[in-house]
Amino acid sequence: MKNKFFKRILSYFIRGLVLVAPLYVTALIIWTGVEFLDNIIPINIPISDKQTVYLPGLGGLIILTGIILLGFFFSTVVPQSFLKFTESIMRRIPLVSLIYYSIKDLILAFVGDKKKFQQPVLVTMFKETGIKKIGFITQTDLGHLKIADHVAVYMPLSYSLSGELFIVPVENIILLEASSTDMMKMLISGGVSLKISKEETHEEDQA
């Protein structure tokens, strides 16, 4: 009876932990982001001569609104020729060019019109053992490097925001017909997070 009681308590604890932990970590990350943005533009609203009120998220809201307005301004008012001229000048400044274009290309890889990490692939790493790794094609044409019949594949590391870039022969690649979001979740979680079908979810609810 005692063993059954403790097993039941442990089962309830694990279910509670599975429910609370993801919510807590998600809220913590969001709150940390809000505080980071607020610290850039700290805004305290005066309510009297000696007291002020801090409204969480107000500074972040102002920053996000400013970014949207800048995007609108440079998209509709400022001529594209002026932007190209400005970037051509920055391209000639060694250190500035490296930092600027690295950050710009990284942002465009996730949110630009020409997104990267859209095509997941299965790469044969060692033909002798059949070991394979999952990655994302980031460049299909390496002609500027004088490398033919190869593609650039980025392979994220599990439980990390980093990864490695490999130059892989085309013959060692198999295109995966899967959602890039689902594959990224699978890689980041070390294979733990997989897409669950509606049938499996329904079976778990009935269990």
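Small disclaimer: the values here were computed from a predicted structure and weren't measured.

Let us now look at the pairing of strand β5 (residues 150-156). Most of β5 is tucked away, with five of its seven residues classed as buried. With three bridges connecting them, strand β4 (residues 131-139) and β5 associate as antiparallel partners. Paired with glutamine 139 across the strands is alanine 152, a residue of β5. Sheet topology note: the β5/strand β6 (residues 163-169) ladder contains seven bridges and is antiparallel. For methionine 155, the partnering residue across the bridge sits in β6 and is glutamate 164.

Counting eight residues, the largest nonpolar core consists of Val121, Val123, Ile137, Val151, Val153, Met155, Val168 and Ile173. When residues of this core are traced back to their parent elements, those giving at least two are β3 (120-126) and β5. Considering each element in turn, this core owes the most residues, three residues, to β5. In this structure valine 121 touches Lys133, Ile134, Gly135, Phe136, Ile137, Val153, Ile173, Ile174, Leu175 and Leu176, once residues within four positions along its chain are discounted.

With respect to topology, five strands assemble into an open sheet ordered β6-β5-β4-β3-β7, the strand pairing being antiparallel. Looking at the sheet topology across the chains shown, the edges are occupied by β6 and β7 (173-175). The sheet shows a mean angle of 40 degrees between the axes of neighbouring strands, direction not considered. As paired strands, β3 and β7 are joined by three bridges and run antiparallel to one another. Each residue of the ladder has a partner; that of leucine 122, found in β7, is isoleucine 174. Its contacts with the sheet put helix α5 (residues 180-188) on β3, β4 and β5, and the angle it makes with β4 is roughly 130 degrees.

Basis of the calculations
- Residues numbered from 1 in each chain as written.
- Predicted model: local features only at pLDDT ≥ 70, side-chain atom pairs only at ≥ 80, totals over all residues.
- Heavy atoms only, no water.
- Buried < 20%, exposed > 50% of the residue type's maximum accessible area, 1.4 Å probe, protein only.
- Helix = DSSP H or I, 4+ residues; strand = E, 2+ residues; numbered from the N terminus.
- Pairing = 2+ DSSP bridges.
- Core = buried A, V, L, I, M, F, W, Y, C linked by side-chain atoms within 4.5 Å.
- Contact = heavy atoms within 4.5 Å.
- Axes fitted to C-alpha atoms, helices over the stretch in contact; angles between N-to-C directions.

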